[in-house]
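Understanding the architecture of this molecule
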Amino acid sequence: MGKFVITKRTNGEFQFNLKAGNGQTILASEGYTTKAAATNGIESVKTNSQDDGRYDRKESSNGKPYFNLKASNGQIIGSSEMYESVAARENGIESVKKNAPDAETDDQTA
């Protein structure tokens, strides 16, 4: 089962990563000024992860596929790693869909 891990950056911002059951990070958030905002971001990922239309499939400048997960207002709530292939990116999206809804939250800032 996946889990959300909340950490604090060196600049004081909070962020979260969604990790798959194998420990691999499958989605990373932006930085948030408060832990409450990061927690809201996690709830948004849980909700929006089930809608395929919320996944913005992209290609980086060096040709690597990746994706952003967007909220209903169009704001990016999480980004993937760079993948070696489109098929690997699609597997990453499926992993977020599978892991996000029931993922526990591991707050490592407490």
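Within any chain, residue numbers begin from 1 and follow the written order of that chain's sequence. Reporting in this predicted model follows two pLDDT cut-offs: at least 70 for local features of residues, and 80 or more for side-chain atom pairs to be given and counted; totals over whole chains, interfaces and linings ignore these cut-offs and use all residues. As a rule here, side-chain values cover all heavy atoms of the structure and leave hydrogens and water aside.

Moving on, we come to the UniProt feature "domain: DUF1508" (unreviewed entry) in the protein. UniProt positions are given in the numbering used here, feature names are shortened, and annotations may be inferred rather than shown by experiment. Taking the UniProt record as the reference, the feature "domain: DUF1508" (unreviewed entry) is found at residues 11-56 and 61-107. By definition, any uninterrupted DSSP run of H or I lasting at least four residues is a helix, any uninterrupted run of E lasting at least two residues is a strand, and each is numbered from the N terminus. A distance of 28 Å separates the end C-alpha atoms of residues 11-56, which is 30% helix and 26% strand. Secondary structure across residues 61-107 comprises 30% helix and 30% strand; the distance between its end C-alpha atoms is 34 Å.

Moving on to the nonpolar core. If you look at the biggest cluster of nonpolar residues, it comprises 22 residues, and the most contacted ones within it are Phe4, Phe16, Leu18, Leu27, Val45, Phe67 and Val96. The set of elements that each furnish at least two residues to this core consists of strand 1 (3-8), strand 2 (14-19), strand 3 (25-28), helix 1 (35-48), strand 5 (65-70) and helix 2 (86-99). Among buried residues, the Ala, Val, Leu, Ile, Met, Phe, Trp, Tyr and Cys ones that are joined through side-chain atoms within 4.5 Å form a nonpolar core. Accessible area is worked out with a 1.4 Å probe on protein chains only. A residue is then buried under 20% of its type maximum, exposed over 50%, and partly exposed in between.

The salt bridge criterion pairs a side-chain nitrogen of Lys or Arg with a carboxyl oxygen of Asp or Glu, the two atoms within 4 Å. This model, assessed by the stated rule, comprises 13 salt bridges. The partner of Lys70 in a salt bridge is Asp56, and the shortest N-O contact between them spans 3.4 Å. With Lys70 in strand 5 and Asp56 in strand 4 (residues 55-59), the pair connects residues that are 14 residues apart, well separated along the chain. We classify Lys70 as partly exposed; its relative accessible area is 25%. In this structure Asp56 comes out as partly exposed when scored by relative accessible area, which is 22%. Beyond isolated ion pairs, a larger network of salt bridges with shared partners links Asp52, Arg57, Arg89, Glu90, Glu94 and Lys97.

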